[in-house]
Amino acid sequence: MIKSMTGYGRAEENFNGCTITVELRSVNNRYLDCNVRIPRLYLFAEDAIKTRVQGTISRGKVDVFVTMDSAGAEKVQVSVNKPVADGYYAALKQLSKDYGLSGEISVSLLSRFPEVLLAEKAEMAGDVCSVLDRALADFDQMRTREGERLREDILSRAAAIEEKVTLVEQRSPQTVAEYRAKLETRMNEVLSNTQIDP
């Protein structure tokens, strides 16, 4: 089955008051190049999205757009991953002590480290991937339809070429005879005053 590398897919679903919308667009590319655009608060789901896309699409430049309504974002429960935060805090203190560095360890600094703040990650990533799966199915259907149109176009052009080749083959002896007659006429005109051995 032929599938086009160009395609579009979209899905939208509501989870506990949060509307998640996923859109996929792709254009031709030699390899798979997947870019994910997702609100900063949900960046934790980016790897799961890329893994899902790689499992379905093998080639093309794919852009994935994930949007979530603000009402749902307000309801996201954010908590502190205390063991991870403690580890980063201790490591920063040790760095300061070992290298004689000054400066305070602020909440702002600590919150920037990965996994320090948790935003219902497991559940939200699962919800995003659920909507993504529907968008991928829609995307795949479009690629299949486009691939079928490409197949029909290629077969139509191949049939037209085959028809022309058959016509050329049938007319070939006649074309050679016509060309020979023209050549002989021209030569006779040029050599009309000259005697030559036939």
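Model, not experiment: these values are computed from the prediction.

It is worth spelling out the layout of surface pockets at this point. Counted as a void, the second largest pocket has a volume near 200 Å³. Lining the second largest pocket, in full, are Tyr89, Leu92, Lys93, Leu95, Ser96, Leu101, Ser102, Gly103, Glu104, Ile105 and Leu109. Counting residues per element, the lining of the second largest pocket draws most heavily on helix H3 (residues 82-99), which supplies 5 residues. Residues that form the lining of the second largest pocket fall into these classes: 6 nonpolar, 3 polar and 2 charged.

Here we come to the pairing of strand S1 (residues 7-15). In this sheet, strand S2 (residues 18-27) lies alongside S1 in antiparallel orientation, the contact comprising 9 bridges. Opposite Glu12, over in S2, you have Thr21 as the bridge partner. Taking the residues between adjacent antiparallel strands as the criterion, S1 and S2 are bridged by 2 residues, where Asn16 takes a positive phi near 50°.

For soluble globular proteins, the rule of thumb is that nonpolar side chains tend to be buried together. Ranked by size, the top nonpolar core spans 26 residues in total, and within it Ile20, Val22, Leu24, Ile49, Val53, Val64 and Val66 carry the most contacts. Those elements that place two or more of their residues in this core are S1, S2, strand S3 (32-37), helix H1 (46-56), strand S4 (60-68) and helix H5 (121-190). Ranked by residues supplied to this core, first place goes to H5 with 8 residues.

The rules behind each value
- Per chain, residue numbering runs from 1 following the sequence as it is written.
- The model is predicted, so local features are restricted to residues of pLDDT at least 70 and side-chain atom pairs to those at 80 or more, both for listing and for counting; the totals for chains, interfaces and linings are taken over all residues.
- The basis for every side-chain value is the complete set of heavy atoms in the structure, and neither hydrogens nor water enter the calculation.
- Note on definitions: the grid is 1 Å and covers protein atoms alone; a cavity is a set of points where a 1.4 Å probe fits but cannot get out; a pocket is an open set with protein on both sides within 12 Å along at least five of seven lines; lining residues have an atom within 4 Å of a point.
- Grid points are joined across faces, edges and corners, and a volume is the space filled by probe spheres set on the points.
- Strands are runs of DSSP state E lasting at least 2 residues, helices are runs of H or I lasting at least 4, and numbering of each runs from the N terminus.
- Under the grouping applied here, Gly and all other residues not named as nonpolar or charged are polar, the nonpolar ones being Ala, Val, Leu, Ile, Met, Phe, Trp, Tyr, Cys and Pro and the charged ones Asp, Glu, Lys and Arg.
- Whether two strands pair comes down to DSSP finding at least two bridges between them.
- Side-chain atoms within 4.5 Å are what join buried Ala, Val, Leu, Ile, Met, Phe, Trp, Tyr and Cys residues into a set we call a nonpolar core.
- Burial status follows relative accessibility: with a 1.4 Å probe on protein chains alone, a residue under 20% of its type maximum counts as buried, one over 50% as exposed, and anything between as partly exposed.

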